Amino acid sequence: MSQHTFPLPSHAALDTLLQPQDNAFHPIEGLRRLRDAGLEQLPLPGHGATLRRWQMLAAIAAVDLSLLKLYESHTDALAILAEIGGSGVPAGSSWGVWCADMPGTRVRLRQTAEGRHVLDGRKAWCAGAQGLSHALVSCWNDAGQACLASVALSQPGVHLTDEGWQAVGMHACASVDVTFSAARAYPVGAPGAYLQRPGFWHGNAGIAAAWYGAACAIAGHLHARAQHAAPDPVRLAQLGQIDCVLRATCALLREGAAEIDLHPQRDAMGLALRLRLATEDAATLVLHLATRALGAGPLCRDARFARLVADLPVFLRQSHAERDQALLGGIVAGAEDHPWTL
């Protein structure tokens, strides 16, 4: 499939495709449906259609953020393997990217006497562990180098716990701790390649598109109310403020996607931090304004709206907040001239 001809489905088509067969929404089943519909092969970031990739992430986020978490991780794994993996992806496989670590814990990648690579240790935040077939796992070799390895999850050396997630928000992504005990693994790229590759920050920037899509979905409920209810000056003022912040964020995301495509090998750390921080602020404001404007009704009686409003604050905490602001501030301070000329 051409990078520029990825079939971006309409919101109505996505709703139909992902309609649950019972009253419960199952993100892992949604991921399978998207994969079977040929919607897993997103344009690779930095290959001329980064905006289209982000538009799909935003569209899935507008449906359900737990599904987006699994879908983004799966499509990110495919992008990583295309950039530094080199090996094929088994047909029908579903992937996670598990690269977060709890303080003081590291998964070890070691080589056995027979020359095989195995993983040992405990990995936190393993979204979708119960339903995925494979994962890319961050780990450390005996030389203390950061590595990435692929692992099949059906083998005896992989144990899925029921521990590690107490939040109500994003509960459906089933993010649990996983332990590895001499689990067969395959190094992906050279040591350090996962973090040093240009696509690392491209993928981080794509998360902002997901936050944006969820914020737009929440704002859409207010837009619908404003269309069909009697005019309310306060509600219209809140809608106007939301319009300004979302349009500004949309312009920044579009500009960022174009910059990545124009300079795919350039260090995108500052760009990614800027997009994430701006979108986090926008999404936080939309949450605040939309829930004040709509009141308790949809929070209590609209399952989809209530799920989005519960999920988004948890998902936003993938941001490192002031620490990321400090990183971005350091990049800006190091620039020879200020970067804000119109």
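The text that follows walks through the structure, step by step, so that each part is easy to find. Position labels on residues start from 1 in each chain and follow its written sequence. Two thresholds apply to this predicted model, a pLDDT of at least 70 for residue-level local features and 80 or more for giving and counting side-chain atom pairs, whereas whole-chain, interface and lining totals are computed over all residues. The side-chain numbers reported here are obtained from all heavy atoms of the structure, hydrogens and water having been left aside.

Overview of the overall build of the chain
Consideration 1: Check the secondary structure of the chain and you find eleven helices and seven strands.
Consideration 2: Each radius of gyration reported is based on C-alpha atoms, and the globular scaling rule is 2.2 Å times the count of residues to the power 0.38. The C-alpha atoms of the chain give a radius of gyration of 21 Å, which matches the 20 Å a tight globule of 342 residues would have.
Consideration 3: The principal-axis extents of the C-alpha atoms in the chain amount to approximately 75 × 60 × 40 Å.
Consideration 4: Only protein chains enter the accessibility calculation, which uses a 1.4 Å probe; a residue whose area is less than 20% of its type maximum is buried, one above 50% is exposed, and one in between is partly exposed. Split into buried and exposed, the 342 residues of the chain put 47% on the buried side.
Consideration 5: In what follows, a contact means two residues having at least one pair of non-hydrogen atoms within 4.5 Å. Excluding contacts between residues fewer than 6 apart, the proportion of contacts in the chain whose partners are at least 24 apart in sequence is 72%.
Consideration 6: Note that accessible areas follow from Shrake-Rupley with a 1.4 Å probe, and for residues the cover is restricted to the protein chains shown. Accessible surface, the chain as shown: approximately 16,600 Å² in total, 55% of it carbon and sulfur. A run of H or I in DSSP counts as a helix once it spans at least four residues, and a run of E counts as a strand once it spans at least two, with each numbered from the N terminus.

Structural notes on the environment of His171
Consideration 1: The topology assignment puts His171 in the loop between strand 6 (158-160) and strand 7 (176-187).
Consideration 2: Judged by its relative accessible area of 52%, His171 falls in the exposed class.
Consideration 3: With residues near it in sequence (within four places) discarded, His171 still touches Ser66 and Trp165.

Digging into the nonpolar core
Consideration 1: Think of a nonpolar core as a cluster: buried Ala, Val, Leu, Ile, Met, Phe, Trp, Tyr and Cys residues, connected wherever their side-chain atoms sit within 4.5 Å. Ranked by size, the top nonpolar core spans 100 residues in total, and within it Tyr71, Trp98, Leu119 and Phe180 carry the most contacts.
Consideration 2: A total of 15 residues in this core trace back to one element, the largest contributor, which is helix 6 (residues 199-228).
Consideration 3: Sequence-distant contacts of Leu119, that is, excluding residues within four places in its chain, are made with Val107, Arg108, Leu109, Val137, Cys139, Ala149, Val151, Phe180, Ser181, Ala182, Ala183 and Ala185.

Observations concerning the pattern of salt bridges
Consideration 1: In what follows, salt bridge is the name for a side-chain nitrogen of Lys or Arg lying within 4 Å of a carboxyl oxygen of Asp or Glu. This structure, assessed with the given rule, holds 14 salt bridges.
Consideration 2: One salt bridge connects Arg35 with Asp36, and the closest N-O pair in it is separated by 3.5 Å.
Consideration 3: Residue Arg35 is classed as buried on the basis of its relative accessible area, which comes to 17%.
Consideration 4: With a closest N to O distance of 3.0 Å, Arg108 and Asp142 form a salt bridge. Within this pair, whereas Arg108 is found in strand 2 (residues 108-111), its partner Asp142 is found in the loop between strand 4 (134-140) and strand 5 (146-152), the two being separated by 34 residues in sequence.
Consideration 5: Residue classification places Arg108 among the partly exposed residues on the basis of a relative accessible area of 41%.
Consideration 6: Connected via shared salt-bridge partners are Glu29, Arg32 and Arg33.

As for the pairing of strand 3 (residues 117-126)
Consideration 1: Sheet analysis places strand 2 next to strand 3, joined by four bridges and oriented antiparallel. By the bridge assignment for strand 3, Arg108 is matched with Asp120.
Consideration 2: Strand pairing follows a simple DSSP-based rule, namely that at least 2 bridges must link the two strands. Where strand 2 folds back on strand 3, the antiparallel hairpin that results is connected by five residues, among which Gly115 adopts a positive phi of roughly 95°.
Consideration 3: Taken together, the eight bridges between strand 3 and strand 7 define a ladder with antiparallel strand orientation. The residue of strand 7 that forms the bridge with Val118 is Arg184.

Description of the environment of Leu327
Consideration 1: Structurally, the position occupied by Leu327 is in helix 11 (residues 322-333).
Consideration 2: When the C-alpha positions of Leu327 and Pro298 are compared, they lie 38 Å apart, and in sequence the two are 29 residues distant.
Consideration 3: In this structure, Leu327 is in contact with Met269 and Leu273, ignoring residues within four places of it in sequence.

Considering the environment of Gly131
Consideration 1: Note that Gly131 resides in the loop between strand 3 and strand 4.
Consideration 2: Between the C-alpha atoms of Gly131 and Glu29, which are 102 residues apart in sequence, the distance is 8.7 Å.
Consideration 3: Once residues lying within four places of it in the same chain are set aside, the contact partners of Gly131 are Ile28, Arg32 and Ser94.

Digging into the packing of aromatic side chains
Consideration 1: Two rings belonging to Phe, Tyr or Trp (six-membered ring only in the last case) form a pair when the distance between their centres is within 6.5 Å. Interplanar angles under 30 degrees mark stacking, angles over 60 mark edge-to-face geometry, and anything in between is tilted. This model, assessed by the stated rule, comprises three aromatic pairs.
Consideration 2: Between Trp125 and Trp165, the ring centres sit 6.0 Å apart and the planes meet at 90°, which makes this aromatic pair edge-to-face. With Trp125 in strand 3 and Trp165 in the loop between strand 6 and strand 7, this pair connects stretches of sequence that are 40 residues apart.
Consideration 3: Taking the relative accessible area as the measure of exposure, Trp125 reaches 37% and is therefore partly exposed.
Consideration 4: When the centroid spacing of 5.2 Å and the interplanar angle of 85° are considered together, the rings of Phe200 and Trp201 count as edge-to-face.
Consideration 5: Among the aromatic residues, those joined into a cluster by ring pairs are Tyr194, Phe200 and Trp201.
Consideration 6: Positioned above the aromatic ring of Trp140 is the side chain of Arg106, whose terminal nitrogen or guanidinium carbon lies 3.5 Å from the ring centre. Counted as over-ring charges are cases with an Arg CZ or a Lys NZ within 6 Å of the ring centre that also lie within 35 degrees of the ring normal.

Overview of the side chain of His74
Consideration 1: Here His74 is to be found in helix 4 (residues 65-85).
Consideration 2: Here His74 falls in the buried class, since its relative accessible area comes to 1%.
Consideration 3: With residues up to four places along the chain from it excluded, the contact list for His74 reads Leu31, Glu40, Ser93, Ser94 and Trp95.

A look at helix 8 (residues 269-294)
Residues spaced three or four apart along an α-helix point in a common direction, a consequence of the helix completing one turn every 3.6 residues.
Consideration 1: Given a helix with a known number of residues, its expected span is that number minus one, times 1.5 Å. In this model, helix 8 (26 residues) spans 37 Å end to end at C-alpha, consistent with the 38 Å of a helix rising 1.5 Å per residue.
Consideration 2: Of the residues trailing helix 8, Gly295 is marked for its positive phi of about 75°.

Focus on unusual backbone geometry
Consideration 1: Within the chain, Trp125 stands out as a residue other than glycine whose phi angle is a positive 60°.
Consideration 2: A positive phi angle is found at Ala321, which is not glycine, with a value near 50°.
Consideration 3: Tracing the backbone shows Ala321 in the loop between helix 10 (303-316) and helix 11.

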